[in-house]
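# Understanding the architecture of this molecule
Read off the chains here:
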Amino acid sequence: MLTIYATAASRSRRVLWTCEEVGAAYEVVELAFPPKVHHPDFLALNPAGTVPTMVDGEVCLTESLAICDYVARRHGSDLVVAPDAPGYSDYLNLLLFGEATLLPPVVWTRRFGRFADEALEEARETFAVRLGVVDRALADGREFLTAGRFTLADISVGFTLGLSRLYGLDRLFPPAVAAYYDRLAARPAHRRVYLELTAEKI
Ligand SMILES: N[C@@H](CCC(=O)N[C@@H](CS)C(=O)NCC(=O)O)C(=O)O
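Bear in mind that the values here come from a model prediction, so they are computed numbers and not experimental data.

## Comments concerning the pattern of salt bridges
Inspection of the entire model under this criterion finds 9 salt bridges. Note that Glu20 is salt-bridged to Arg192, the shortest N-O span being 3.5 Å. One end of the pair, Glu20, is in helix H1 (residues 12–22); the other, Arg192, is in helix H9 (residues 188–197), with 172 residues separating them in the sequence. Judged by relative accessible area, Glu20 falls into the partly exposed class, the value being 23%. With a shortest N-O distance of 2.8 Å, Arg187 and Glu21 are connected by a salt bridge. On the criterion of sequence distance, the pair formed by Arg187 in the loop between helix H8 (175–185) and H9 and Glu21 in helix H1 is long-range, its members being 166 residues apart. Take Glu21: its relative accessible area is 23%, and that puts it in the partly exposed class. Bridged by salt links that share partners, the residues Arg11, Arg14 and Glu99 form one connected network.

Written out as structure tokens, the structure is:
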């Protein structure tokens with residue numbers, strides 16, 4: 001049984017989405033945000049104080065995409081792409097892109113947008129440009145980003161697209177990206193996480 005430490009509308013959703021896709025058994029420990037303030041004892045488990053954090057026996061992981069990878073591989077899921085399989089390089093790049101490149105301007109919007117219009121505008125412009133990577137990946141009309149199937153790259157990027165909607169950034173989605181997001185949101189595992197498990201709390 002996996003234990004997932006989670007808070008409201010956070011990257012925890014990537015992990016829960018992955019668990020639901022692969023049918024993993026897990027329990028959620030819901031924390032108040034930010035954990036470093038409300039749960040100082042949590043720093044003993046994860047010194048960064050961030051969620052999601054996953055514990056599986058002796059294993060403790062603190063990066064959302066590392067947890068998704070761990071869960072998917074442990075369940076023998078084809079959400080991961082093997083290094084010798086077609087689409088692997090795009091898969092790896094887009095997997096990390098969802099967190100490392102597409103997410104920061106969404107966070108800037110949330111954290112700094114209210115302090116300065118210039119900061120908000122720059123975050124929006126940057127996000128719009130970076131959406132071009134997703135748009136280009138979908139340019140041939142494919143259903144999912146890479147490898148000819150739904151993968152963790154879709155969960156990584158899809159989470160960020162979903163978060164951006166909370167700040168009105170979905171106005172910037174090109175049509176193909178908007179349609180792609182709708183496809184992701186229609187998946188039963190996504191609906192379970194977003195409309196049931198975390199709809200009002202985590
Ligand atoms: N790269 C990490 C980032 C984790 C992270 O920053 N999580 C946020 C919530 S989405 C958090 O816990 N912030 C609390 C804090 O910074 O104190 C991941 O992908 O899990």
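## As for the sheet that holds strand E4 (residues 59–61)
An order of E2-E1-E3-E4 is seen for the 4 strands of this open sheet, with the pairing classed as mixed. Unpaired on one side and paired on the other, strand E2 (26–30) and E4 mark the two borders of the sheet. For this sheet, the mean angle separating the axes of adjacent strands, direction not counted, is 20 degrees. With 3 bridges joining them, strand E1 (residues 2–6) and strand E3 (residues 53–56) adopt antiparallel strand pairing. Across the sheet, Tyr5 pairs through a bridge with Thr53, a residue of E3.

## Brief notes about the site of the ligand
Residues in contact with the ligand, as listed here, are Ser10, Arg11, Phe33, Pro34, Lys36, Thr50, Val51, Pro52, Thr62, Glu63, Ser64 and Glu99. Between the ligand and the protein, one listed contact pairs a nitrogen atom with a backbone N or O atom of Val51 at 2.8 Å. In this structure, a nitrogen atom belonging to the ligand sits 3.0 Å away from a side-chain N or O atom of Glu99. Considering the ligand on its own, with 510 Å² of exposed area, one finds that the protein chains cover 82% of that surface. In this structure, the ligand is accommodated by the largest pocket. Partitioned by chemical class, the residues of the shell around the ligand number 4 nonpolar, 4 polar and 4 charged.

## Topic: the packing of aromatic side chains
Remark: the centre distance and the inter-plane angle together describe each pair of aromatic rings, the angle taken between the planes. In this structure the tally under the stated criterion is 5 aromatic pairs. Between Tyr5 and Phe42, the ring centres sit 5.6 Å apart and the planes meet at 40 degrees, which makes this aromatic pair tilted. Linking Tyr5 in strand E1 with Phe42 in the loop between helix H2 (35–38) and E3, this pair joins segments that are 37 residues apart in sequence. Taken individually, Tyr5 and Phe42 each receive the classification buried, so the pair is uniform in this respect. Measuring from centroid to centroid gives 5.5 Å for Phe144 and Phe150, while their planes differ by 75 degrees, and the two rings are edge-to-face. The rings of Trp17, Phe144, Phe150 and Tyr194 are connected pair by pair, giving a single aromatic cluster. Its guanidinium or amino end placed over the ring of Phe150, Arg187 lies 3.6 Å from that ring's centre, counting from NZ or CZ.

## Some remarks on the pairing of E1
Within E1, 5 of the 5 residues are buried, which leaves the element mostly enclosed by the surrounding structure. Residues Leu2, Ile4 and Ala6 line one face of E1 and the alternating positions Thr3 and Tyr5 line the opposite face, and both faces are buried.

## As for the pairing of E2
Summarising the sheet, E1 and E2 pair through 5 bridges and their orientation is parallel. Pairing of Ile4 across the sheet is with Val28, part of E2. Taken together, E1, H1 and E2 form a β-α-β motif whose crossover is right-handed.

## With respect to H9
Looking only at H9, the buried set comprises Ala189, His190, Val193 and Tyr194. Take H9 and look down its axis: the buried residues cluster within an arc of 115 degrees, on one side only. Across H9 from its buried face, at more than 90 degrees, point the exposed residues Pro188, Leu195 and Glu196.

What counts, and at which threshold
Residues numbered from 1 in each chain as written. Predicted model: local features only at pLDDT ≥ 70, side-chain atom pairs only at ≥ 80, totals over all residues. Heavy atoms only, no water. Salt bridge = Lys/Arg side-chain N within 4 Å of Asp/Glu carboxyl O. Helix = DSSP H or I, 4+ residues; strand = E, 2+ residues; numbered from the N terminus. Buried < 20%, exposed > 50% of the residue type's maximum accessible area, 1.4 Å probe, protein only. Pairing = 2+ DSSP bridges. Axes fitted to C-alpha atoms, helices over the stretch in contact; angles between N-to-C directions. Near = heavy atom within 4 Å. Polar contact = N/O pair within 3.5 Å; in protein donor to acceptor, adjacent residues only side chain to side chain. Areas by Shrake-Rupley, 256 points an atom, 1.4 Å probe, with all protein chains shown as cover. 1 Å grid on protein atoms, 1.4 Å probe; cavity = no way out; pocket = protein on both sides within 12 Å on 5 of 7 lines; lining within 4 Å. Sits in = over half its atoms within 2 Å of the grid points. Nonpolar A, V, L, I, M, F, W, Y, C, P; charged D, E, K, R; others polar. Phe/Tyr/Trp six-rings, centres within 6.5 Å; stacked < 30°, edge-to-face > 60°. Lys NZ or Arg CZ within 6 Å of the ring centre and 35° of its normal. Right-handed = clockwise from strand over helix to strand, strands pointing away. Arc of directions from axis to C-beta.

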